[in-house]
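# A look at the structure
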Amino acid sequence: MIHLRTLNKRQLEEFVSSGEYKKYDFLPITRHRAVSHGKNPKADHHQTLLILAFEDDQLAGYLGCLPDEFLTEGGETIAYAWLSTLFVSNRFRGKRIAQNLLNKAFDEYQGNIAITEFTKEAESLYNKTGVFRYIQPKQGERYYFRTDLAQVIPAKKPYSKPLQPVFRLADLVINAGISLKNFFKGKPDFRFEILDTIDEESRLFMKHFKSNRSTGDINRMIDNPWVLEGRTPEEAYLFSSYSRQFRYYWIKIFNENNELEICSLLLLRDRHLKIPYVFSASSTDRFVDFLSYFIIKNKVITLTSYQAAVNSRMSTVKGFPAIHQRKIERRYMFHQNLISNLPEYFDPGFQDGDGDCMMT
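Residue positions are counted from 1 within each chain, in the order its sequence is given. Selection of residues for local features in this predicted model requires a pLDDT of at least 70, selection of side-chain atom pairs for listing and counting requires 80 or more, and totals for whole chains, interfaces and linings are taken over all residues. No hydrogens and no water enter the side-chain calculation; it runs on all heavy atoms of the structure.

Let's shift gears to the overall build of the protein chain. From N to C terminus, the protein chain includes 11 helices and 16 strands. For 360 residues, the compact-globule estimate of 2.2 N^0.38 gives 21 Å, and the C-alpha radius of gyration of the protein chain, at 22 Å, lies within 12% of that figure. Dimensions of the protein chain, computed from C-alpha atoms along their principal axes, come out at roughly 65 × 60 × 40 Å. Counting only residues that meet the buried cut, the protein chain has 50% of its 360 residues in that class. Taking the intrachain contacts of the protein chain between residues at least 6 apart in sequence as the baseline, contacts between residues at least 24 apart amount to 69%. Counting every atom, the protein chain has about 18,200 Å² of accessible surface; 50% of that belongs to carbon and sulfur. The helix and strand labels rest on DSSP assignments: H or I over at least four residues marks a helix, E over at least two residues marks a strand, and numbering proceeds from the N terminus. Two things to know: the radius of gyration comes from C-alpha atoms, and the globule rule equals 2.2 Å times the number of residues to the power 0.38. For every residue, the accessible area (1.4 Å probe, protein chains only) is compared with the maximum for its type, and the residue is labelled buried under 20%, exposed over 50%, or partly exposed between those bounds. A contact between two residues is defined here by any heavy atoms of the two lying within 4.5 Å. The method behind every accessible area is Shrake-Rupley, applied with a 1.4 Å probe, and residues are considered shielded solely by the protein chains displayed.

Pasting the structure below:
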């Protein structure tokens, strides 16, 4: 017999602090992810953050929710949640557990549910429910700056793993040539600052831009990430937990009059770069010049960006250090109830970091 258990902020804190979350065959959440959920200012004390599915006393699966809000042009606040994790153990497949978890989430949030960054298998499941609709996707680019053959080829072709030392040597030779080519790329000749979190000057600057997240929201996420540095991943947890490198950078760029003109949040994870947020009052030329410097200095392997204005400039500027680029797409699915609750022609105005994308 399958039964479900929901956990709000207080219950999730007790679930983790008591150590109960560790007693199952697999982890339904990590301690630091639970702490992060508890500090989400857009989650009230009653909203469900984690749903557990049990068969008798055995954990069969779980679903995580990240509460969020839309603020409409008319000033109305619409609460909804992102589905952030969905997992069912192989031992319990074929018992409609995933569907039961989804239905419970729909009930808890009255259908105000959004999803992005889903796998093909998950997308197929969501489509089978018949309640999700696609909204306008974001078009992006993935830029490549160095080779990573030793990781990429064996991951795609496991039979080639014995050749990994050869691929590693090839990476060493190719990337040495790339480093030599980029050696003379100097530090930008304009003023910029690199901070750990958003400061007061940036907060005042950002007030002039529409954003789904305030400076306080972003700082809390920076201080409470879902991924921690320096340890091996939790093998019993199937989603992101630890990485060798996971760091946020708050970037401030100034014009010739020493006035702040661009702020941006960068996320560097194992030398793969993302641009969760950009707030720009002018051309992105200086920002792209800074990115070139940052990418070379940190030996970035790839950059994934859905920032249209930045991508347009990076794709045309002379001297940008990409050796290859390809188009990518981020799709979004909204529950039909959420769509019906939003104003007609509502534009969510998503940046790269909206949803749970900033956290991983």
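Additional details are given in the paragraphs that follow.
So, about the confidence of the model for the protein chain. Residue-level confidence of the predictor is what pLDDT reports, using numbers from 0 through 100. Averaged over all residues, the pLDDT of the protein chain equals 92, while 100% of them reach at least 70. Confidence, read as mean pLDDT per element, is least for helix α6 (residues 164-182) in the protein chain (85) and greatest for strand β8 (residues 192-195) (98).

Now for the sheet that holds strand β14 (residues 302-305). Two strands pair if DSSP finds at least two bridges between them. Spatial ordering of the open sheet is given by β8-β11-β12-β13-β14-β7-β15, a layout of 7 strands whose pairing is mixed. Of all strands in the sheet, those bounded by a partner on one side alone are β8 and β15 (324-330). Each neighbouring strand pair of the sheet contributes to a mean axis angle of 25 degrees, computed without reference to strand direction. Inspection of the sheet shows β8 paired to strand β11 (residues 246-254) by 4 bridges, in the antiparallel sense. Lines fitted to C-alpha atoms define the axes here, with helix axes fitted over just the stretch in contact, and angles between the N-to-C directions of these axes take values from 0 to 180 degrees.

Right, let's talk about a nonpolar patch on the surface for a bit. Taken together, Leu169, Leu172 and Val173 make up a surface patch of nonpolar side chains, about 320 Å² in accessible area. Tracing the chain through its elements places Leu169 in helix α6. Like-charged residues within 9 Å of one another, or nonpolar side chains (Val, Leu, Ile, Met, Phe, Trp, Tyr) within 5 Å, are grouped into patches, provided each residue has over 30% relative accessible area and no salt bridge. Every case where a carboxyl oxygen of Asp or Glu lies within 4 Å of a side-chain nitrogen of Lys or Arg is listed as a salt bridge.

In this section: the environment of Glu256. Within the secondary structure, Glu256 is located in the loop between β11 and β12 (260-269). Along the chain, Glu256 and Pro348 lie 92 residues apart, while their C-alpha atoms are 34 Å from each other. Polar side-chain contacts of Glu256 include one of 2.9 Å to the side chain of Arg286. Any pair of N or O atoms that falls within 3.5 Å is considered a polar contact. Within protein, one atom must be able to donate a hydrogen and the other to accept it, and sequence-neighbouring residues count only if both atoms are side-chain atoms.

Glancing now at the packing of helix α1 (residues 9-17) against helix α2 (residues 31-38). The geometry of α1 relative to α2 is characterised by a closest axis approach of 10 Å and an angle of 160 degrees between their N-to-C directions. Classified by the interaxial angle, the pair formed by α1 and α2 is roughly antiparallel. At the point where α1 passes α2, the crossing takes the left-handed sense. Touching Lys9, Leu12, Val16 and Ser17 of α1 are Arg31, Ala34, His37 and Gly38, all from α2. Of the residues in the contact of α1 with α2, the class split is 3 nonpolar, 3 polar and 2 charged. Roughly parallel covers angles under 35 degrees, roughly antiparallel covers those over 145, roughly perpendicular covers 65 to 115, and oblique covers all other angles. Crossing handedness: left-handed means the near helix sits turned counterclockwise from the far one by under a right angle, and right-handed means the same turn made clockwise. Nonpolar residues are Ala, Val, Leu, Ile, Met, Phe, Trp, Tyr, Cys and Pro. Charged residues are Asp, Glu, Lys and Arg, and all others, Gly as well, are polar.

Let us look at the packing of helix α3 (residues 97-108) against helix α4 (residues 120-129). Running from N to C, α3 and α4 cross one another at 65 degrees; their axes reach a closest spacing of 11 Å. Where α3 crosses over α4, the handedness of that crossing is right-handed. Together, Ala98, Gln99 and Leu102 of α3 and Leu125, Tyr126 and Thr129 of α4 make up the contact between the two elements. Taken together, the residues of the contact of α3 with α4 sort by class into 4 nonpolar, 2 polar and no charged.

Another aspect to go through is empty space enclosed by the protein. Grid points spaced at 1 Å and placed over the protein atoms alone form the basis of the search, with a cavity being a set where a 1.4 Å probe fits but cannot get out and a pocket an open set showing protein on both sides within 12 Å along at least five of seven lines. Lining residues have an atom within 4 Å of a point. Grid points are joined across faces, edges and corners, and a volume is the space filled by probe spheres set on the points. This model, assessed by the stated rule, comprises 4 cavities of 30 Å³ or more. Here the largest cavity defines a volume of roughly 100 Å³. Per-element tally for the lining of the largest cavity: the top contributor is helix α8 (residues 215-223), with 3 residues. Taken together, the residues of the lining of the largest cavity break down into 5 nonpolar, 3 polar and 3 charged. Considering only enclosed or pocket space, the second largest cavity measures out at about 60 Å³ in volume. Taken together, Leu267, Lys274, Ile275, Pro276, Thr304, Tyr306, Arg330, Asp352, Gly353, Cys357 and Met358 form the lining of the second largest cavity.

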